[in-house]
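The lines below spell out each chain.
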Protein chains: 2
Amino acid sequence: MDNAVIPSVRAFNRFVAERIGAVSDTFLGRDRPYGESRILWEVGSDGTDIRELRTRLGLDSGYASRVLQSLERQGLVIVKPAAEDGRVRRVRLTGKGRAERATLDRRADAVAWKFLEPLTEEQRTRLVAAMADVHRLLTSSMVSIEAESPSTADARWCIDQYFQELNRRFDQGFDPALSIPADAHELVPPRGALLIARLRGSPVGCGAVKFHGRAPAELKRMWVSPDVRGLGVGRRLLVALERAAREAGARVVRLETNRTLKEAIHLYRTSGYREVGRFNDEPYAHHWFEKRLTAPQRPSRGSRPGRRSSRSTPTAPSARASRSSPPRARPAPGPRQRAPRT
Amino acid sequence: MDNAVIPSVRAFNRFVAERIGAVSDTFLGRDRPYGESRILWEVGSDGTDIRELRTRLGLDSGYASRVLQSLERQGLVIVKPAAEDGRVRRVRLTGKGRAERATLDRRADAVAWKFLEPLTEEQRTRLVAAMADVHRLLTSSMVSIEAESPSTADARWCIDQYFQELNRRFDQGFDPALSIPADAHELVPPRGALLIARLRGSPVGCGAVKFHGRAPAELKRMWVSPDVRGLGVGRRLLVALERAAREAGARVVRLETNRTLKEAIHLYRTSGYREVGRFNDEPYAHHWFEKRLTAPQRPSRGSRPGRRSSRSTPTAPSARASRSSPPRARPAPGPRQRAPRT
DNA sequence: ATAATTCTCTGACCAGAGTCAGAGAATGGA
DNA sequence: TCCATTCTCTGACTCTGGTCAGAGAATTAT
């Protein structure tokens, strides 16, 4: 399978890097270096602290300073010390800067339109749908899941979000004090674990497990940020929690949940959980589930990439001359291979 | 509709440029500048003329020369004059160069695998399918269609391909001499027109029309390269030919075709052509079609892009903090806007 | 009050990726 | 045969997009 999948991902990367790259070079009308446009854009209509701008874009302070000076010289931004802290400086767009930014925006629209214009209505719809799919799935593949102490700021933020969501969704609201607790000290090895899912460094989900030796482990605190729902993050958290439970000696995991949490219930059912009788007195629960864990299997999710793939492997159609090349002035076009941009 | 479509294309472009770009920088293990790797790759295992390499990559001769010298100094390639023409020089990979190229290949595989690894089997399948779709549709949008003299090398190449294909596919083969002719002089205004479809400069399809005043115009020489079939090129050629016929005064277009050309027949039927009785004595034809052209309507294919789209418009999920931001060390992450990479 | 830290700026420097103008060898056309 | 053309190389420059080491002003910690 990899023999087919990896090359097609590569072909896509190559193609898209070429196509989007070529076009986006053009789009910046070459009247301003890319770095300047980027910073101009990132300043945003409300202005920012330079400090924040720098960390957001990962810029060197000297570099940022100089680019901003250049923008200021062009009358596009104003830099002045922040009121609260004399060390940090604030950038704001001038009217001219705002206009310039709008121009960039319009040009970006025009570029997007160039992709769409030649297509029929139906093709456009399919293109947009496919783009959204690729976007979603690649985003999904950027989510990492790792154990973390429940006392970190991110962990506490996630759990707080979880509580807030329960409070919004449960018919009677949610008060953590009335629920079976899963305190910080219970979610650290060897008593338990807390997993945090992150996307680009920001927490986007969590899940916890309490170990009870060989007795069933308990799953707790499953939460996925609304921003990334539908990306399979919940399922991956679940799998990771089960693995942790298995490694801690559990043969069975169980959990309880509230009837309003439809997606969660669906996730459990489709992940091999079966509903069982009430096994604790969690007042907010309507359903109790458990799952027997299978032997410590190798995580079966497709093999590693093959030794090597063939050297040039287009998936989608291309202008590659397959039978005979079209005529051409001296320097023949021939079959084009593109650099391994990925 | 554009209000939804353009921003989502932009979001995709931005995302993909960021993601692929970030990754492909990494992949070149930073031990060799990108330009060198690219040329190393493009030399290919069989070697190339420098001249061809240059035109293929659009390189300045001085630049190419220096990069190749650097590669030669590293023992990765050998440059020597071509046998046939003492002016041109040929590059070939050495064993070491070949090994290096294989390393690039392997790294590219590993990068692709990074995208795939975190996904479930089902997600991978969907990702690959969506990528192929995007690839196909963007390729399709790169195809341009323009009128061209039938005497250009490209035009003659297309028509030759067309004849070859007919000869392969017709049960009795195909001999142009026995068929109703459409000679070069008939396919230039005001007697007719020849349209050529191109992808990245190379011809990938053609279609011709002969005008007969207000009498029905005749469509001829419809051919689409196998490389780009399924991309809607045929339909676009057809539309363009009909427009040309309309503009030349025709109210009706007609054409004849052979029963072995299934896709063509399907295209005609789904494009408003209806089968009519034999109207000429083309010996290779089994079907005769005609279509009444509608009034010179505005090419109705969706409106132009809106004045301007909103300033930051993600379509697919992102880590954007939607309700409250996750906690963060001093320099807050805040809602990230990315530069308008397109 | 003093020291440590944070933020920004300046100056110096660098590499990558080109561009441009010749110049010199081969080759092709008249 | 000779002139124009084609290909490649050299040398001299350029622009982006950085990095690095201080230095100076504000702020925070002790």
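Let me sum up the structure you'll find in this document. Predicted model only: the values in this text are computed from it and were never measured.

**Overview of the protein's contact with DNA strand C**
No. 1: The environment of DNA strand C is made up of 22 residues, and the closest members are Arg51, Arg66, Gln69 and Arg89 of chain A together with Gly86 of chain B.
No. 2: Among the atoms of DNA strand C close to the protein, meaning within 4 Å, 68% are from sugar or phosphate groups.
No. 3: Between DNA strand C and Ser65 of chain A there is a distance of 3.5 Å, counted from a phosphate oxygen to a side-chain nitrogen or oxygen.
No. 4: Between DNA strand C and Arg66 of chain A, the relevant distance is 2.7 Å, taken from a base oxygen to a side-chain nitrogen or oxygen of the residue.
No. 5: Of all the secondary-structure elements, those providing two or more residues to the surface near DNA strand C are helix 3 (50-57) and helix 4 (61-73) of chain A together with helix 2 (34-43) and helix 4 (61-73) of chain B.
No. 6: Of all the elements, helix 4 of chain A adds the most residues to the surface near DNA strand C, at five residues.
No. 7: Looking at the surface near DNA strand C, its residues break down into five nonpolar, six polar and 11 charged.

**A word on the nonpolar core**
No. 1: With 88 residues, the main nonpolar core has Val134 of chain A together with Val134 of chain B as its most contacted residues.
No. 2: Broken down by element, the residue count for this core peaks at eight residues, all from helix 6 (residues 121-142) of chain A.
No. 3: Not counting the four nearest positions on each side in its chain, Val134 of chain A is found in contact with Phe12 of chain A together with Phe12, Leu127, Ala130, Met131 and Val134 of chain B.
No. 4: Formed by 49 residues, the second largest nonpolar core is a distinct cluster that contains Ile196, Cys206, Ala245 and Tyr273 of chain B.

**Brief notes about the pairing of strand 6 (residues 202-212) of chain A**
Residue and element names in this part refer to chain A.
No. 1: Burial analysis of strand 6 places 10 of its 11 residues in the buried class, the great majority of the element.
No. 2: Where strand 5 (residues 192-199) lies against strand 6, eight bridges are found, and the strand directions are antiparallel. Bridge pairing in strand 6 links Leu195 to Gly207.
No. 3: Hairpin connection from strand 5 to strand 6: two residues lie between these consecutive antiparallel strands, with Arg200 at a positive phi of about 45°.

**Things to note about the packing of helix 2 (residues 34-43) of chain A against helix 3 of chain A**
Residues and elements named next belong to chain A.
No. 1: Where helix 2 contacts helix 3, the axes come no closer than 11 Å and their chain directions differ by 120°. It follows that helix 2 is oblique to helix 3 by the angle criterion. When you trace helix 2 past helix 3, the crossing you get is right-handed. Across the interface between the two elements, Arg38, Ile39, Glu42 and Val43 of helix 2 pack against Leu53, Arg56 and Leu57 of helix 3.
No. 2: A per-class count over the contact of helix 2 with helix 3 returns four nonpolar, no polar and three charged.

**Quick look at the sheet that holds strand 8 (residues 252-257) of chain A**
All names here are of chain A.
No. 1: What the seven strands build is an open sheet, ordered 4-5-6-7-8-10-9; its pairing is mixed. Strands at the two margins of the open sheet, each flanked by one partner only, are strand 4 (144-147) and strand 9 (274-276). Within the sheet, the average angular offset between the axes of one strand and its neighbour, ignoring direction, is 30°.
No. 2: With six bridges joining them, strand 8 and strand 10 (residues 287-292) adopt antiparallel strand pairing. Residue pairing across strands places Thr257 opposite His287, the latter belonging to strand 10.
No. 3: With respect to the sheet, helix 8 (residues 233-247) is in contact with strand 4, strand 5, strand 6, strand 7 (215-224), strand 8 and strand 10, its orientation differing from that of strand 7 by roughly 155°.

**Notes on the packing of helix 2 of chain A against helix 5 (residues 95-116) of chain A**
Residue and element names in this part refer to chain A.
No. 1: Contact geometry of helix 2 with helix 5 gives a least axis separation of 10 Å together with a crossing angle of 110°. On the basis of the axis angle, helix 2 is roughly perpendicular to helix 5. On helix 5, the residues that touch Ser37, Leu40 and Trp41 of helix 2 are Gly97, Glu100, Arg101, Leu104 and Asp105.
No. 2: Of the residues in the contact of helix 2 with helix 5, the class split is three nonpolar, two polar and three charged.

**Describing the packing of aromatic side chains**
No. 1: Within the structure shown, the criterion is met by 16 aromatic pairs over all chains.
No. 2: Seen in terms of ring centroids, Phe170 of chain A and Phe174 of chain A are 5.7 Å apart; in terms of plane orientation they differ by 90°. Their pairing is edge-to-face. Here Phe170 of chain A and Phe174 of chain A have matching classes, each one buried.
No. 3: Centroid distance Tyr162 of chain B to Phe163 of chain B: 5.7 Å. Interplanar angle 45°. Geometry classified as tilted. Each member of the pair, Tyr162 of chain B as well as Phe163 of chain B, carries the same accessibility label: buried.
No. 4: Among the aromatic side chains, those forming a connected cluster through ring pairs are Tyr162, Phe163, Phe170, Phe174 and Tyr284 of chain A.
No. 5: One cation-aromatic arrangement involves Arg101 of chain A over Trp41 of chain A; the distance from NZ or CZ to the ring centre is 4.3 Å.
No. 6: Here the guanidinium or amino end of Arg254 of chain A rests over the ring plane of Phe279 of chain A, the centre of that ring lying 4.1 Å away.

**Comments concerning the protein's contact with DNA strand D**
No. 1: If you check the shell around DNA strand D, you find 22 residues, and the closest are Gly86 of chain A together with Arg51, Arg54, Arg66 and Gln69 of chain B.
No. 2: For DNA strand D, the backbone portion of the atoms within 4 Å of the protein, that is sugar and phosphate, comes to 69%.
No. 3: Take Gly35 of chain A: an N or O atom from its main chain is 3.1 Å from a phosphate oxygen of DNA strand D.
No. 4: Contributing elements (two or more residues each) for the surface near DNA strand D: helix 2 and helix 4 of chain A together with helix 3 (50-57) and helix 4 of chain B.
No. 5: Broken down by class, the residue content of the surface near DNA strand D amounts to five nonpolar, six polar and 11 charged.

**Here's the deal with helix 3 of chain B**
For the α-helix, the turn length of 3.6 residues means that residues three or four positions removed from each other point alike.
Residue and element names in this part refer to chain B.
No. 1: All buried positions along helix 3 are accounted for by Ile50, Glu52, Leu53, Arg56 and Leu57. Seen from one end, helix 3 has its buried residues packed into an arc of 165°, which puts them on one side.
No. 2: Residues of helix 3 that are buried in the fold lie against helix 2, strand 1 (48-49), helix 4, strand 2 (77-81) and strand 3 (89-93).

**Looking at the sheet that holds strand 3 (residues 89-93) of chain A**
No. 1: Pairing in this open sheet of three strands is antiparallel, and the strands run 1-3-2 (chain A) from one edge to the other. With partners counted over all chains shown, the strands left at the sheet margins are strand 1 (48-49) and strand 2 (77-81) of chain A, one partner each.

**Topic: unusual backbone geometry**
Residue and element names in this part refer to chain A.
No. 1: Each neighbour pair has its own omega, and for Pro189 with Pro190 the value is 5°, a cis peptide bond.
No. 2: With respect to the helices and strands, the residue Pro190 is situated in the loop between helix 7 (153-169) and strand 5.
No. 3: Although it is not a glycine, Arg221 adopts a positive phi angle of roughly 55°.
No. 4: You can see Arg221 is positioned in strand 7.

How each quantity is defined
Each chain carries its own residue numbering, running from 1 in the written order of its sequence. Here the convention is simple: chains get letters from A, ligands get numbers from 1, in the order in which they are written. With pLDDT at 70 or above as the cut-off, local features in this predicted model cover only qualifying residues; side-chain atom pairs require 80 or more to be listed or tallied, and sums for whole chains, interfaces and linings still use all residues. Side-chain numbers here rest on the full set of heavy atoms in the structure, without hydrogens or water. In this text, near means that some heavy atom of the residue lies within 4 Å of the molecule or strand in question. Nitrogen and oxygen atoms within 3.5 Å of one another constitute a polar contact, given that in protein one can donate a hydrogen and the other can accept it, and given that sequence-neighbouring residues count only through two side-chain atoms. The way it works is that DSSP assigns letters per residue, a run of H or I at least four long becomes a helix, a run of E at least two long becomes a strand, and they are numbered from the N terminus. Under the grouping applied here, Gly and all other residues not named as nonpolar or charged are polar, the nonpolar ones being Ala, Val, Leu, Ile, Met, Phe, Trp, Tyr, Cys and Pro and the charged ones Asp, Glu, Lys and Arg. For our purposes a nonpolar core is just a set of buried Ala, Val, Leu, Ile, Met, Phe, Trp, Tyr and Cys residues, chained together by side-chain atoms within 4.5 Å. Exposed residues in this analysis have more than 50% of their type's maximum accessible area, buried residues have under 20%, and partly exposed residues fall in between, with area computed by a 1.4 Å probe over protein chains only. We call two residues in contact whenever any of their non-hydrogen atoms come within 4.5 Å of each other. At least two DSSP bridges between two strands are required for those strands to pair. Every axis corresponds to a line fitted to the C-alpha atoms, with the helix fit spanning only the stretch in contact, and the corresponding angles, defined between N-to-C directions, vary from 0 to 180 degrees. An angle below 35 degrees is read as roughly parallel, one above 145 as roughly antiparallel, one from 65 to 115 as roughly perpendicular, and any other as oblique. Crossings are sorted by hand: turned counterclockwise from the far helix by less than a right angle, the near helix makes the crossing left-handed, and turned clockwise it makes it right-handed. Stacked, tilted and edge-to-face are the three classes applied to pairs of Phe, Tyr and Trp rings, where Trp contributes its six-membered ring and a pair requires centres within 6.5 Å; stacked means planes under 30 degrees apart, edge-to-face means over 60, and tilted covers the rest. Lysine NZ or arginine CZ positioned within 6 Å of the ring centre and within 35 degrees of the ring normal marks a charge as sitting over the ring. This arc corresponds to the set of directions leading from the helix axis out to the C-beta atoms.

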